[in-house]
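In case you want the letters, here they are:
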Amino acid sequence: SSLQYFNQEIELLLLGPWESDEYLQECKNLSSWSNVKYIGKLNLEEVYPFIKSSDIGLSLLYPAKNYITSLPVKAFEYMACEKPMIMSNFEYWKEIFGDVALFCNPMDPKEIATCINELMLDKDHANLMAKEGRKLILEKFSWEAESQRLIEIYNQLLSKKR
């Protein structure tokens, strides 16, 4: 658990289902569980107030084959809510989210803690990343931005048919 590497009080909010009851119980038996607030499974609209009240968003998936080239919805939600992020150090994610996240080995609790500490201590950097993430959502990853690209493609296709 990364929580053992903090000398300041920190709370980890966990939302969503667990892989298994056994894994949940294993985590509850850790001494650092006292710093965890397990919210449980929520409807989508109930998730956003938790994101907005948090300091940092985490998207730390293990390097399974189907994850390393995925685009995590959670990252887009964090950016839309203007939160700095810490993400798994997958090359593809670094290309897409390079300026708006810190990257670390998702299997290394000490490295995760180092990234969290960095954002907690350097609020200016955290705020800059958050603002850049929000800007990226508005300019590149919104339906409005995508619709403009689609219209351009349709116009190009239509002009070739004439």
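In this text the structure is predicted, and so the values were computed from the model without any measurement. (Residues numbered from 1 in each chain as written. Predicted model: local features only at pLDDT ≥ 70, side-chain atom pairs only at ≥ 80, totals over all residues. Heavy atoms only, no water.)

Student: Can you walk me through the overall build of the chain in this structure?
Tutor: When helices and strands are tallied, the chain shows 7 helices and 5 strands. Mapped in sequence order, the helices and strands of the chain form the string β-α-β-α-β-α-β-α-β-α-α-α. Projecting the C-alpha coordinates of the chain onto the three principal axes gives extents of approximately 70 × 35 × 30 Å. Among the 162 residues that make up the chain, the fraction classed as buried is 34%. Residue pairs in contact within the chain that sit at least 24 positions apart in sequence constitute 60% of those at least 6 positions apart. For the chain, the accessible surface area stands at approximately 10900 Å², while carbon and sulfur atoms represent 52% of it. The average position of the 18 basic charges and that of the 24 acidic charges among the side chains of the chain differ by 8 Å. (Helix = DSSP H or I, 4+ residues; strand = E, 2+ residues; numbered from the N terminus. Buried < 20%, exposed > 50% of the residue type's maximum accessible area, 1.4 Å probe, protein only. Contact = heavy atoms within 4.5 Å. Areas by Shrake-Rupley, 256 points an atom, 1.4 Å probe, with all protein chains shown as cover. Lys, Arg positive; Asp, Glu negative; His and termini not counted. Charge placed at Lys NZ, Arg CZ, Asp CG, Glu CD.)

Student: Before we go on, may I ask you to explain the pattern of salt bridges in this structure?
Tutor: For side chains bearing opposite charge, pairing can occur when the charged atoms are close. Scanning the model with the defined rule gives 3 salt bridges in all. A salt bridge links Glu91 to Lys94, with the nearest nitrogen and oxygen atoms 3.6 Å apart. With Glu91 and Lys94 both in helix H4 (residues 91–97) and 3 residues apart, the pair spans about one turn of that helix. (Salt bridge = Lys/Arg side-chain N within 4 Å of Asp/Glu carboxyl O.)

Student: Please clarify how the sheet that holds strand S5 (residues 101–104) should be interpreted in this entry.
Tutor: Paired through backbone hydrogen bonds, the strands of a sheet run either parallel or antiparallel to each other. Taken in spatial order, the 3 strands make up an open sheet running S3-S4-S5, and their pairing is parallel. Edge positions in the sheet fall to strand S3 (57–59) and S5, since each of these pairs with one other strand and no more. The average angle at which neighbouring strand axes cross in this sheet is 20°, direction not considered. (Pairing = 2+ DSSP bridges. Axes fitted to C-alpha atoms, helices over the stretch in contact; angles between N-to-C directions.)

Student: Sorry if this is basic, but what is going on with the nonpolar core here?
Tutor: Grouped burial of nonpolar side chains is what soluble globular proteins tend to show. Met79, Met85, Met87, Trp93, Phe97, Ala101 and Phe103 are the most contacted members of the largest nonpolar core, which has 16 residues in total. Listed by contribution, the elements that provide at least two residues to this core are helix H2 (44–53), helix H3 (73–80), strand S4 (85–88), H4 and S5. Top contributing element to this core by residue count: H3, with 4 residues. Residues in contact with Phe97, not counting those within four places in the same chain, are Leu71, Pro72, Ala75, Phe76, Met79, Met85, Met87 and Phe103. By size, the runner-up hydrophobic cluster in this structure holds 14 residues, among which are Ile56, Leu102, Ile112 and Cys115. (Core = buried A, V, L, I, M, F, W, Y, C linked by side-chain atoms within 4.5 Å.)

Student: What's the story with a nonpolar patch on the surface in this structure? I'm lost.
Tutor: A grouping of Leu150, Ile153, Tyr154, Leu157 and Leu158 is seen on the molecular surface, where their side chains present a nonpolar patch of about 480 Å² in accessible area. The residue Leu157 is located in helix H7 (residues 143–161) in this model. (Patch = residues over 30% accessible without salt bridge, like charges linked within 9 Å, V, L, I, M, F, W, Y side chains within 5 Å.)

Student: Explain the side chain of Ser59 here, please?
Tutor: Here Ser59 shows up in strand S3. For Ser59, a relative accessible area of 5% gives the class buried. If near-sequence neighbours (up to four positions away) are discounted, Ser59 is found in contact with Pro72, Tyr78, Ile86, Met87, Ser88 and Trp93.

Student: Help me understand the packing of aromatic side chains in this model?
Tutor: Geometry of an aromatic ring pair is reported as the spacing of the ring centres plus the angle between the planes. Overall, the coordinates contain 6 aromatic pairs when judged by the stated rule. Their ring planes at 50° and their centres at 6.1 Å tell us that Trp18 and Trp33 sit as a pair that is tilted. With Trp18 in the loop between strand S1 (12–15) and helix H1 (21–28) and Trp33 in the loop between H1 and strand S2 (36–40), this pair connects stretches of sequence that are 15 residues apart. Between the aromatic rings of Trp18 and Tyr38, the centroid separation amounts to 5.7 Å while the plane-to-plane angle is 75°, which identifies the pairing as edge-to-face. A residue pair is termed long-range when its members are at least 10 positions apart, and Trp18 in the loop between S1 and H1 and Tyr38 in strand S2 qualify at 20 residues. A relative accessible area of 30% means that Tyr38 is categorised as partly exposed. Three or more aromatic residues link up through ring pairs in this structure, and these residues are Trp18, Tyr23, Trp33 and Tyr38. (Phe/Tyr/Trp six-rings, centres within 6.5 Å; stacked < 30°, edge-to-face > 60°.)

Student: I tried to follow unusual backbone geometry on my own but got confused; where do I start?
Tutor: With the exception of glycine, the majority of residues adopt a negative phi angle, and the majority of peptide bonds are in the trans configuration. Even without being a glycine, Glu82 presents a positive backbone phi close to 60°. With a relative accessible area of 32%, Glu82 lands in the partly exposed category.

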